[in-house]
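# Report on the structure
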Amino acid sequence: MKIEEKLAIDAFKTDKESHIRINHDICRTKCTLKYCLSVCPGHLYEYNEEMKEITVEYAGCLECGTCRIACQKGAIEWVYPRGEYGVQYRYG
Amino acid sequence: MDKIDVVIVGAGLAGLSCAYKLADKGLQVIVVERGDFPGSKNVTGGRLYLMPIKSLIGDMLDGAPFERKVVREQWSLFGRENSINVDFTANKFRDHDHSYTILRARFDRWLSERLIAKGVFVIPKYRVDDLLWENGSVAGIKAGNEEIYAHVVVASDGALSFMAEKAGLRPKMMPKQYAVGMKEIIELPEEKINDRFNVESDEGCAHLYLGDVTKGVFGGGFIYTNKNTVSIGIVAGIQAMMAKDPPLDAYTLLDSFKERYEIKRLLNGGNTVEYSAHVIQEGGYNGLSKLCGDGIIVTGDAAGFALNVGVTVRGMEFAIASGIMAAETIIDAKEKDDFSVRTLSSYENRLKKSFVLQDIESSKEMPDFLENDDFFTFYPERFPGFLERALWFGEGPKGKMGKTLWNEIKSSGMLSFKRLKALYRIKNI
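Reading the values: rules and limits
Residues numbered from 1 in each chain as written. Chains lettered and ligands numbered in written order. Predicted model: local features only at pLDDT ≥ 70, side-chain atom pairs only at ≥ 80, totals over all residues. Heavy atoms only, no water. Core = buried A, V, L, I, M, F, W, Y, C linked by side-chain atoms within 4.5 Å. Buried < 20%, exposed > 50% of the residue type's maximum accessible area, 1.4 Å probe, protein only. Helix = DSSP H or I, 4+ residues; strand = E, 2+ residues; numbered from the N terminus. Axes fitted to C-alpha atoms, helices over the stretch in contact; angles between N-to-C directions. Parallel < 35°, antiparallel > 145°, perpendicular 65-115°, else oblique. Contact = heavy atoms within 4.5 Å. Nonpolar A, V, L, I, M, F, W, Y, C, P; charged D, E, K, R; others polar. Buried area = accessible area lost by both parts, 1.4 Å probe. Salt bridge = Lys/Arg side-chain N within 4 Å of Asp/Glu carboxyl O. Polar contact = N/O pair within 3.5 Å; in protein donor to acceptor, adjacent residues only side chain to side chain. Pairing = 2+ DSSP bridges. pLDDT = per-residue confidence, 0-100.

## A word on the nonpolar core
Residues Tyr45 of chain A together with Leu22, Leu48, Leu61, Ile141 and Phe305 of chain B are the most contacted members of the largest nonpolar core, which totals 144 residues. For this core, the leading source of residues is helix α11 (residues 316-336) of chain B, giving twelve residues. Of all hydrophobic cores here, the second largest spans eleven residues; its members include Leu370, Phe386, Ile409 and Met414 of chain B.

## Here we look at the packing of α11 of chain B against helix α14 (residues 355-362) of chain B
All names here are of chain B. The N-to-C vectors of α11 and α14 enclose an angle of 135°; their axes lie 9 Å apart at closest approach. In terms of orientation, α11 lies oblique with respect to α14. Of α14, the residues touching α11 (which contributes Glu317, Phe318 and Ala321) are Phe355, Val356, Asp359 and Ile360. Taken together, the residues that form the contact of α11 with α14 break down as five nonpolar, no polar and two charged.

## A few points about the interface of chain A and chain B
At the interface, 38 residues of chain A touch 52 residues of chain B. Buried area between chain A and chain B, both sides added, is near 4000 Å², and the carbon and sulfur share of it is 56%. Ranking the residues of chain A by area buried against chain B places Tyr80, Tyr89 and Tyr91 of chain A at the top, with a combined share of 22%. One salt bridge in this structure joins aspartate 255 of chain B and lysine 6 of chain A, with 3.2 Å as the shortest N-O distance. Linking chain A with chain B are 28 residue pairs in polar contact (both at pLDDT 80 or more), by the criterion used here. Taken together, the residues of the side of chain A that touches chain B sort by class into 21 nonpolar, nine polar and eight charged.

## Concerning the pairing of strand β12 (residues 203-211) of chain B
Residue and element names in this part refer to chain B. Of all nine residues in β12, eight are buried, a share of seventy percent or more. Relative to β12, strand β4 (residues 69-78) runs parallel, the two sharing nine bridges. Across the sheet, the residue bridging to glutamate 73 is alanine 206, located in β12. Where β12 lies against strand β13 (residues 219-225), four bridges are found, and the strand directions are antiparallel. Bridging across to β13, leucine 208 finds its partner in phenylalanine 222.

## Re the pattern of salt bridges
Tallying each qualifying case throughout the model produces 36 salt bridges over all chains. Measuring nitrogen to oxygen at the nearest pair gives 2.9 Å for the salt bridge that ties arginine 72 of chain B to aspartate 87 of chain B. In this pair, arginine 72 of chain B is assigned in strand β4 and aspartate 87 of chain B in strand β5 (residues 83-89), connecting sequence segments 15 residues apart. With relative accessibility at 13%, the residue arginine 72 of chain B sits in the buried group. The network of salt bridges with common partners includes Lys6 of chain A together with Glu184, Asp255 and Lys258 of chain B.

## As for the confidence of the model for chain A
Averaged over all residues, the pLDDT of chain A equals 96, while 100% of them reach at least 70. The least confident element of chain A is helix α2 (residues 24-30) of chain A, whose mean pLDDT is 95; the most confident is strand β6 (residues 86-88) of chain A, at 98.

As structure tokens, then:
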């Protein structure tokens, strides 16, 4: 089962603005290993070759917090989505 | 400024249990929850052990939506192409309310409805942005333009606790002290679950897996049976995944696990109805936050109350117990009309006298012990390997069974000084 298909099963309420912000300056200058690309259970981080920067598909965020912990350089500013937005677990 | 008695941030098991106890004593409580409804942001593996909290909870969980009573405990060592399984059951486990599997979106919602019936305000869709301060003491919470002033703020906002962080009670989160759990809920007819897991209706099984399921990194797999769903997941250490070269792709682990021969048949024909993930503390005693400050108490996962001892994983009963003990502390503080850290620190004494801090403290050495890679690579490869060679009859003579096994064990390095020394440390845990 593809990860996109798995995420499609979940219920999300997507806010207009992302609750995850990437500080590209820090990301470019201080981080060489880009752990965000591998640790995310939703596989939501990608390196955009054209823009030469990391992008994140915040709408599929499971709000686990792994990227926030793995990014020890502080390039990921991660807060919870605003009240009522984000993933809505029905089983949990 | 008018203050209510208590505002609780987060409608998980810690927060809701705290509110339940406080409401029983007639204190004014508001619980705020960022999700659509209490439970909608909460995830467990998982199961809840009831015995440790029996004397604390009173009637709180009477009629609760438990899934199945766990009567069968299983552990597997997974090599790359083979596995060993231990299957335990006992009348004692069937005859007592020992542990139950649960699904948090249902369970927590049910508990919150009980609270609402008691007159507690539970406000959903409410994300707390910041703490309010007064003369160096926490004095309430802020969400957008709204402010709620309270004598005590209870931080029950889970493993990522922003409240504990803002109050300066929790240090920076380090990858070494956390794992990530990833789980699928797979729907199957009740009878199929009974048959495949060898249990009656209402009885369930808890199965932990070690070894190739995490590609040899710290962590493991799990299966818990629910009424008509199965919870299957992987827990993997964040630091351990990062340390692999190339780093391990977390999202692929659960799929490889589900593809294993041993697992595939259990889930055959089932539909995945949810995929979830959350971080879990693995720091044990040394990973705990400070437990209180002036006007604030930290409970449950927010405080780091979780315990992985390899063969069992616990957290929710700590959350419930700490929530209730936080409430008892606040009830005392209200009588004394003193909400400073001086009075609130009796919370820590309460926890120390209970299983919460005693169990977590007695397992202080566990995180170091489990950091040994042998548990995730060497043993899960070797033990099934021995059996594979012992049980296989090829062409030609087999030779002496005991001698072959002994030679295997010796040449494997299992009896090396390094490994025996590491095992000897078992007396410390």
